[in-house]
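# A closer look at the structure
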Amino acid sequence: MALAGAFYTLLMFLCCFTLVHLVKLARIGLDSLKPKPEQREEPDPEPKKKAQRQVQPVYYIVEKKRARKSSYSAPREITFKDGGKAK
């Protein structure tokens, strides 16, 4: 019985795998049949615009690293409410 379940699971996977790839190939085929829009060769008005633009400066935010402490304070003694000292 387990062998039949494994067989049907494999069969269902292969059918779904095939179906998905056929749909993808059909979509690619339909996209290739669509006419591509013609590209017109027009004179480029960009050189005039580039001459008018001014280059603006670029600012970078840089965080300064903190220096390490050269000396540390003396260690504090920790006391608890019952009056005993920490070990």
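See the structure shown above.
Values in this document were obtained by computation on a predicted structure and should not be read as measured data. (Residues numbered from 1 in each chain as written. Predicted model: local features only at pLDDT ≥ 70, side-chain atom pairs only at ≥ 80, totals over all residues. Heavy atoms only, no water.)

Scanning the chain from terminus to terminus reveals two helices and zero strands. Total accessible area on the chain stands at roughly 10600 Å², and carbon and sulfur atoms take up 61% of it. (Helix = DSSP H or I, 4+ residues; strand = E, 2+ residues; numbered from the N terminus. Areas by Shrake-Rupley, 256 points an atom, 1.4 Å probe, with all protein chains shown as cover.)

Attention shifts here to the packing of aromatic side chains. Evaluated as defined, the whole model comprises two aromatic pairs. Judged by centre distance (5.5 Å) and plane angle (65 degrees), the rings of phenylalanine 7 and tyrosine 8 are edge-to-face. For tyrosine 8, a relative accessible area of 54% puts it in the exposed group. (Phe/Tyr/Trp six-rings, centres within 6.5 Å; stacked < 30°, edge-to-face > 60°. Buried < 20%, exposed > 50% of the residue type's maximum accessible area, 1.4 Å probe, protein only.)

Below, the discussion takes up the pattern of salt bridges. Charged atoms that come close allow side chains of opposite charge to pair. Within this structure, the stated rule accounts for one salt bridge. The shortest N-O distance in the salt bridge between lysine 34 and aspartate 31 comes to 3.9 Å. According to the relative accessible area criterion, aspartate 31 is partly exposed, its value standing at 45%. (Salt bridge = Lys/Arg side-chain N within 4 Å of Asp/Glu carboxyl O.)

Moving on, we get to a nonpolar patch on the surface. A surface patch of nonpolar side chains, about 410 Å² in accessible area, is lined by Leu10, Phe13, Leu14 and Phe17. In this fold, phenylalanine 17 is placed in helix 1 (residues 2–33). (Patch = residues over 30% accessible without salt bridge, like charges linked within 9 Å, V, L, I, M, F, W, Y side chains within 5 Å.)

The next point concerns the state of the cysteines. When the sulfur atoms of two cysteines share a covalent bond, that bond is a disulfide. Following the criterion strictly, the structure yields zero disulfides and no others. With no disulfide partner, cysteine 15 has as its closest neighbouring cysteine sulfur the one in cysteine 16, 6.8 Å distant. A relative accessible area of 48% means that cysteine 15 is categorised as partly exposed. (Disulfide = S-S within 2.5 Å.)

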